[in-house]
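The lines below spell out each chain.
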Amino acid sequence: MIVGIIDYGMGNLFSVEQALKKLDCTVITSDDVAILGEADAILLPGVGAFPDAMKQLEEKGLVRFIQSLPEHNIPLLGICLGMQLLYEDSDEVRPERGLGLLKGHIRRFPKGDYRIPHMGWNRLRFAHKPYWLEDILADTHVYFVHSFLAADTDDSQVWATAEYGGLEVPGVVGDGLITGMQFHPEKSGEFGHYLLEQWIANVRGNLHE
């Protein structure tokens, strides 16, 4: 099974590459649509500011490629900033359109009696079980580091949330073959690794149907 990691200059890709290789995936890391088109699934990572990321994706001709993945039945996983890019728009730094694959907007945490960025281990609560997840482990803690969150979302597309400062923060989101994780699963302990493993197992299973 081949997983394509979109390399658009926004983040350290080493940890997720290594995690995928440990799951017996062949990993191709590229910003070339022709090369990424060979993959069975696509991973969109990201660390940094939303508008910078969209500019890079636009300049590299990757926006339409990503938006077309559902049409071609290719699973997509967005991680951290990569998850936020799946939404309609963001007000980080300046208003910027996103990929528009999920309903909602990326907004800064509202002012409150809590620390921003949201940083630390939080337990995920699943309102909807993702199509690729068979079981939920007893310990669902994952590690968050972010100052913006998905807001005005479609409840059916928010699979799991974490409580922080009285807010329900979308942690695992998706629609069909599109999945997003606000945290880095490969850096989020046993449950984070389990989520990544189950996502890969489902993609691999679908290839053999």
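Each residue is numbered by its place in its chain's sequence as written, counting from 1. The predicted nature of this model means local features are confined to residues of pLDDT at least 70 and side-chain atom pairs, given and counted, to a pLDDT of 80 or more, with totals for whole chains, interfaces and linings taken over all residues. Remark: hydrogens and water are excluded; side-chain values derive from all non-hydrogen atoms of the structure.

Draft legend 1. Fine view of the sheet that holds strand β3 (residues 41-44). Pairing between strands requires that DSSP locate at least two bridges from one strand to the other. Put simply, DSSP H or I for four residues or longer makes a helix, DSSP E for two residues or longer makes a strand, and each gets a number counted from the N terminus. With mixed pairing, the eight strands of this open sheet are ordered in space as β2-β1-β3-β4-β14-β13-β12-β9. The outermost strands of the open sheet, each flanked by one partner alone, are β2 (26-30) and β9 (125-126). Across six bridges, strand β12 (residues 158-164) lies against strand β13 (residues 167-175) in antiparallel orientation. Its bridge partner lying in β13, Val-158 is registered against Val-173.

Draft legend 2. Spotlight on the pattern of salt bridges. What counts as a salt bridge is simple: a side-chain nitrogen of Lys or Arg found within 4 Å of a carboxyl oxygen of Asp or Glu. Going through the model one piece at a time under the given rule, you end up with six salt bridges. Arg-107 is paired through a salt bridge with Asp-89; the nearest N and O atoms lie 3.2 Å apart. Taken together, the positions of Arg-107 in strand β7 (residues 105-108) and Asp-89 in strand β5 (residues 89-90) put the pair 18 residues apart, joining distant regions of the chain. The residue Arg-107 makes a salt bridge to Asp-91 at a minimum N-O spacing of 3.8 Å.

Draft legend 3. Molecular detail of helix α1 (residues 14-22). When α1 is considered as a whole, its buried residues turn out to be Val-16, Glu-17, Ala-19 and Leu-20. All buried residues of α1 fall inside an arc of 165° around its axis, so they share one side. Residues Phe-14 and Lys-22 are exposed on α1 and point more than 90 degrees away from its buried face. Residues are treated as being in contact if the distance between any of their heavy atoms lies within 4.5 Å. On the buried face of α1, the contacting elements are β1 (2-6), β2, β3, β4 (76-79) and α6 (189-207). With its phi angle positive at about 65°, Asp-24 sits one or two positions after the end of α1. Each residue is placed in one exposure class: buried if its accessible area under a 1.4 Å probe, protein chains only, is under 20% of its type's maximum, exposed if it is over 50%, and partly exposed if it falls in between. Throughout, the arc means that of the directions going from the helix axis to the C-beta atoms.

Draft legend 4. Representation of the side chain of Ser-188 within the structure. When you line up the elements, Ser-188 lands in the loop between β14 (178-181) and α6. The class of Ser-188 is buried, set by a relative accessible area of 0%. Polar contact criterion, stated in full: a pair of N or O atoms within 3.5 Å, where within protein one must be able to donate a hydrogen and the other to accept it, and residues adjacent in sequence count only if both atoms are side-chain atoms. Within the local environment of Ser-188, its side chain forms a polar contact with the backbone nitrogen of Tyr-143, the two atoms lying 3.1 Å apart. Here the side chain of Ser-188 touches His-184 through a polar contact of 2.8 Å, landing on its backbone oxygen.

Draft legend 5. Expanded view of the packing of aromatic side chains. Here a pair means two rings of Phe, Tyr or Trp (six-membered ring of Trp) with centres within 6.5 Å. Their orientation is stacked below 30 degrees between planes, edge-to-face above 60, and tilted elsewhere. In this structure the tally under the stated criterion is nine aromatic pairs. Between Phe-144 and Phe-183, the aromatic rings sit 5.7 Å apart at their centres with planes inclined by 75°, giving edge-to-face as the arrangement. With a gap of 39 residues between them, Phe-144 in strand β10 (residues 141-146) and Phe-183 in the loop between β14 and α6 connect regions that are remote in the sequence. As far as burial versus exposure is concerned, Phe-144 and Phe-183 are alike and both buried. Among the aromatic side chains, those forming a connected cluster through ring pairs are Phe-109, Tyr-114 and Tyr-164.

Shape is all these values report; function is a separate question.
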